[in-house]
Amino acid sequence: MKSKLFVITSLLIVMIITLSLTGCGSDNAINNGNTDTVTQRLDSDVLSSSDYESAASEISTVDSDHSTSTVSSLTVSSEPEPEQEPEIDIEEEYLNFLKNKSYLDYMENTESSSYRMERYAIMDINADEIPELIISPSESMSPFINYLLFTYNSNEKNVKYVSCITGYDLSHSEKYNCLTYFPFKVQEDFGNLSYLELINENLLYKMNLTWETAQEGKTYRVTNCSGEFDNKPLTSSNYVSESTETVTENDARQNYLDERTYITFTDLP
């Protein structure tokens, strides 16, 4: 009988030690009361069958509690990620704007009312990663024509009219991120190349390159200016001249006249 009790006792001690080694942190602190009770019963000289069953039940409870705690600690709550707004294809928005002929609404109160628009171009004028839309008649109608300028409002998600530009040879300056044009017909002894910049959906005067011929020769000047563009070159009350610098003919051609890129237009859809 004693040998059987000894074997049972030994087995229970091994089980308790094993559970003690696999426990950790707060689990050990919580389960100490249960294991101490079992150990006290094993230390007695006589171990009845009811004691054995009670001890085995308590050990099973300790193991169950440990497993539950471990599973709970591995539970991770996940929240759904917020949905992202689809990226807007601005060029596609412009094409729909053209197909619907929505630009006609902006021609009534401009110099373009007597023209039939035939061409368009999409380009990023001011390098802000939002392309602009330019609509114009054919140059075969007249070299002195009106250009309608539009941009896209990303917050309101719509096409916004900016201005009408009337003149010759609308082009783009990548160096200055501006539109350029001749408000008057270019002549050998006199000329004016105007630079317009787009800021916050507003078209502004930036500078002018002018030249004139006198007895001492041709003189080129660069005038920095400011003010909101209103299609009234050099006569507008908005136009403010800030500073003027005389430049050489080589400088005028290299940094201004020859630096421009002519805009490529496509027939309206």
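Residues numbered from 1 in each chain as written. Predicted model: local features only at pLDDT ≥ 70, side-chain atom pairs only at ≥ 80, totals over all residues. Heavy atoms only, no water.

Give a description of the side chain of His172 that names residues and reports values.
By the secondary structure assignment, His172 is in strand S4 (residues 158–173). Within the local environment of His172, its side chain forms a polar contact with the backbone oxygen of Ile125, the two atoms lying 3.0 Å apart. Setting aside its immediate chain neighbours within four residues, His172 contacts Met123, Asp124, Ile125, Asn177, Cys178, Thr180, Arg260, Thr261 and Ile263. (Helix = DSSP H or I, 4+ residues; strand = E, 2+ residues; numbered from the N terminus. Polar contact = N/O pair within 3.5 Å; in protein donor to acceptor, adjacent residues only side chain to side chain. Contact = heavy atoms within 4.5 Å.)

Describe the side chain of Thr166, and please don't skip the residues or the numbers.
Tracing the sequence through the fold places Thr166 in strand S4. Under the relative-accessibility criterion, Thr166 is labelled buried at 12%. Among the polar contacts listed, one links the side chain of Thr166 to the side chain of Asn146, at a separation of 2.3 Å. In this structure the side chain of Thr166 is engaged in a polar contact, spanning 2.8 Å, whose partner is the side chain of Asn231. (Buried < 20%, exposed > 50% of the residue type's maximum accessible area, 1.4 Å probe, protein only.)

Can you break down the packing of aromatic side chains residue by residue, with the values?
For the structure shown, the criterion picks out 16 aromatic pairs. Ring plane angle 55 degrees and centroid distance 5.0 Å describe the contact between Phe144 and Tyr168, whose orientation is recorded as tilted. Pair noted here: Phe144 is in the loop between strand S2 (132–136) and strand S3 (145–153) and Tyr168 is in strand S4, with a separation of 24 residues, a long-range link. Take Phe144: its relative accessible area is 30%, and that puts it in the partly exposed class. Seen in terms of ring centroids, Tyr176 and Tyr195 are 5.6 Å apart; in terms of plane orientation they differ by 85 degrees. Their pairing is edge-to-face. Placement of Tyr176 in the loop between S4 and strand S5 (178–182) and of Tyr195 in strand S6 (residues 190–199) is noted, with a sequence separation of 19 residues between them. (Phe/Tyr/Trp six-rings, centres within 6.5 Å; stacked < 30°, edge-to-face > 60°.)

Tell me about the pairing of strand S1 (residues 119–123), and name the residues and values.
Counting buried positions along S1 gives four out of five residues, so the element sits mostly inside the fold. Inspection of the sheet shows S1 paired to S2 by five bridges, in the antiparallel sense. Across the sheet, the residue bridging to Met123 is Glu132, located in S2. (Pairing = 2+ DSSP bridges.)

Account for helix H5 (residues 249–257), with residues named and values stated.
Residues Ala252, Asn255, Tyr256 and Leu257 constitute the buried set of H5. One side of H5 holds all its buried residues, which, seen down the axis, span an arc of 150 degrees. For H5, the exposed residues set more than 90 degrees away from the buried face come down to Asn250 and Gln254. (Arc of directions from axis to C-beta.)

Can you tell me about helix H4 (residues 90–99), naming the residues and giving the values?
Each α-helix winds once per 3.6 residues, and so residues spaced three or four apart point in a common direction. Within the sequence span of H4, burial applies to Ile90, Tyr94, Phe97 and Leu98. The buried residues of H4 occupy an angular sector of 95 degrees when the element is viewed end-on, so they sit on one face. Buried-residue contacts for H4 involve S1, S2, S3 and S4. Downstream of H4 by a residue or two, Lys101 has a phi angle that is positive, lying close to 55 degrees.

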